[in-house]
Amino acid sequence: MNWEKIVSVMTEAVYSASEVIKDGLFRNGNIVFEHKLTHDYVTETDKKSEEIITAILKQAYPDDVIIGEESFDDEELPEGSFWVVDPLDGTTNFIHGFPMVSVTVARIEQGAPVAGCVYNPVTDELFIGVRRGGVYLNGKQIIKSNSVPDVAHSLVATGFPFRRKDLIRPYLKTFEEIFRQVSDIRRTGSAALDLAYLAAGRIDGFWEVGLKPWDIAAGILMIEELGGVVSDFWGSKGVLKNGNIIATSSQVLYEVIYNAVRSNLLPHMR
Ligand code: IPD
Ligand code: CA
Ligand code: CA
């Protein structure tokens, strides 16, 4: 694999796509949106961004399979190698002009991410990781996440189960159990950014129900590359497929989140 080419193509793709996102975010007008599912939205910007990224990936890798959030209508991921693309992570934020969004692209091989990037067009921060090649923030290598080792001082992020509001009670019990043990909890509205921030040591842990491979592939790669812990809610490696993710920078915080999820949420998961 030519990793330099992969990194430069991913970078070009997310930089180019983010131009339409910045246009929309700072236009100061009403954003027109459609409902995909309950509380799940799509805008023209999501679609345009995906077209731009897909065109750039296709030009560089004409034979590769590209799975973009707005065009993928299958249930199952393919076998072998492919790309996953979230053209705008944080669409609900985007619609409201809440400036916390990202664009993310990752390459999967044999069921695991091997390269990925997350770009925040608002702060102009590009997180890139390559399996056994390191993780970089705007070209500067992140050596080791400078996260807080002590659970009581740790900062955790989460996503609320807005597509599964039936889970709110067990979710809130999980939240309470974790909240009582850590310093504080954040909800950014972009799971890809949450995971990139975890890799960079800005937060120490994260959990969310029912994410998609394009939300999490790049972040999983970066966290694992820096020695963090990632699993699904059952403590195994199926997270890219089932999207129920726990990720932390330390084993001790992992146990806290895993135990809270196992005793409160797991009995209600189908
Ligand atoms: C969403 C964001 C959000 C998370 C949702 C995702 P989208 O992605 O990552 O933080 O809570 O579960 O679906 O729909 O804005 O691409
Ligand atoms: Ca997303
Ligand atoms: Ca999206």
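What counts and what doesn't
Residues numbered from 1 in each chain as written. Chains lettered and ligands numbered in written order. Predicted model: local features only at pLDDT ≥ 70, side-chain atom pairs only at ≥ 80, totals over all residues. Heavy atoms only, no water. Axes fitted to C-alpha atoms, helices over the stretch in contact; angles between N-to-C directions. Helix = DSSP H or I, 4+ residues; strand = E, 2+ residues; numbered from the N terminus. Parallel < 35°, antiparallel > 145°, perpendicular 65-115°, else oblique. Left-handed = near helix turned anticlockwise from the far one by under 90°. Contact = heavy atoms within 4.5 Å. Nonpolar A, V, L, I, M, F, W, Y, C, P; charged D, E, K, R; others polar. Near = heavy atom within 4 Å. Polar contact = N/O pair within 3.5 Å; in protein donor to acceptor, adjacent residues only side chain to side chain. Areas by Shrake-Rupley, 256 points an atom, 1.4 Å probe, with all protein chains shown as cover. Domains from an automatic or database assignment. Salt bridge = Lys/Arg side-chain N within 4 Å of Asp/Glu carboxyl O. Buried < 20%, exposed > 50% of the residue type's maximum accessible area, 1.4 Å probe, protein only. Pairing = 2+ DSSP bridges. Expected span 1.5 Å × (residues − 1). Arc of directions from axis to C-beta.

1. Overview of the packing of helix α1 (residues 3-25) against helix α2 (residues 44-60)
Turning to step 1, where the next piece is worked out: Taken N-terminus to C-terminus, the directions of α1 and α2 make an angle of 155°; their axes are 9 Å apart at the nearest point. Between α1 and α2, the angle is such that the two are roughly antiparallel. Note on packing geometry: the crossing formed by α1 with α2 is right-handed. Packed against α1, whose contacting residues are K5, V9, E12, A13, S16, A17, V20 and I21, the element α2 presents T45, K48, S49, I52, I53, I56, L57 and A60 at the interface.
Turning to step 2, where the next piece is worked out: Residue classes in the contact of α1 with α2 are distributed as ten nonpolar, three polar and three charged.

2. Here we look at the site of ligand 1
Turning to step 1, where the next piece is worked out: Around ligand 1, the surrounding shell holds 15 residues, and the nearest of these are D89, G90, T91, R163 and E208.
Turning to step 2, where the next piece is worked out: In the model, an oxygen atom of ligand 1 is placed 3.0 Å from a nitrogen or oxygen of the R187 side chain.
Turning to step 3, where the next piece is worked out: Taking G189, its main chain carries an N or O atom lying 3.0 Å from an oxygen atom of ligand 1.
Turning to step 4, where the next piece is worked out: Contact with the protein chains covers 95% of the free accessible surface of ligand 1, which is 370 Å².
Turning to step 5, where the next piece is worked out: Per-element accounting of the shell around ligand 1 gives the leading share, three residues, to strand β4 (residues 82-89).
Turning to step 6, where the next piece is worked out: Here the shell around ligand 1 is composed, by residue class, of four nonpolar, four polar and seven charged.
Turning to step 7, where the next piece is worked out: No fewer than three residues from each of domain 1 (3-141) and domain 2 (151-268) sit in the shell around ligand 1.

3. As for the packing of helix α5 (residues 191-199) against helix α6 (residues 213-225)
Turning to step 1, where the next piece is worked out: For the pair α5 and α6, interaxial distance at closest approach is 8 Å and the crossing angle is 5°. Looking at the two axes, α5 sits roughly parallel to α6. On α6, the residues that touch A191, A192, L195, L198 and A199 of α5 are D215, I216, G219, M222 and I223.
Turning to step 2, where the next piece is worked out: Taken together, the residues of the contact of α5 with α6 sort by class into eight nonpolar, one polar and one charged.

4. Thoughts on the domain arrangement of the chain
Interface size is commonly expressed as the accessible area that is lost once the parts come together.
Turning to step 1, where the next piece is worked out: In terms of domains, the chain is made up of domain 1 (3-141) and domain 2 (151-268).
Turning to step 2, where the next piece is worked out: The distance between the C-alpha centroids of domain 1 and domain 2 comes to 21 Å.
Turning to step 3, where the next piece is worked out: In this complex, domain 1 contributes 39 residues to the contact, which on the side of domain 2 involves 25 residues.
Turning to step 4, where the next piece is worked out: In this assembly, domain 1 and domain 2 are joined by two salt bridges.
Turning to step 5, where the next piece is worked out: The interface formed by domain 1 and domain 2 holds ten residue pairs in polar contact (both at pLDDT 80 or more) in total.
Turning to step 6, where the next piece is worked out: Top contributing element to the side of domain 1 that touches domain 2 by residue count: strand β6 (residues 112-120), with seven residues.

5. What about the pairing of strand β2 (residues 40-43)?
Working note: regular strand, side chains alternate between the two faces of the sheet.
Turning to step 1, where the next piece is worked out: With burial as the criterion, each face of β2 is covered, one bearing D40 and V42 and the other bearing Y41 and T43.
Turning to step 2, where the next piece is worked out: With four bridges connecting them, strand β1 (residues 33-37) and β2 associate as antiparallel partners. Bridge pairing in β2 places E34 opposite V42.

6. What to know about α2
Residues spaced three or four apart along an α-helix face the same direction, because each turn holds 3.6 residues.
Turning to step 1, where the next piece is worked out: Here α2 contains 17 residues, and its C-alpha end-to-end distance of 25 Å stays within 8% of the 24 Å for a straight helix at 1.5 Å per residue.
Turning to step 2, where the next piece is worked out: Listing the buried residues of α2 in full gives T45, D46, S49, E50, I52, I53, I56 and L57. The arc that holds every buried residue of α2, seen down its axis, measures 160°, which confines them to one face. Opposite the packed face of α2, turned more than 90 degrees from it, sit the exposed residues E44 and Q59.
Turning to step 3, where the next piece is worked out: Against the buried residues of α2 lie α1, β2, β3 (66-68), β4, α3 (91-96) and β5 (102-109).
Turning to step 4, where the next piece is worked out: Its side-chain oxygen 3.1 Å from the backbone nitrogen of T45, T43 forms the N-cap of α2.

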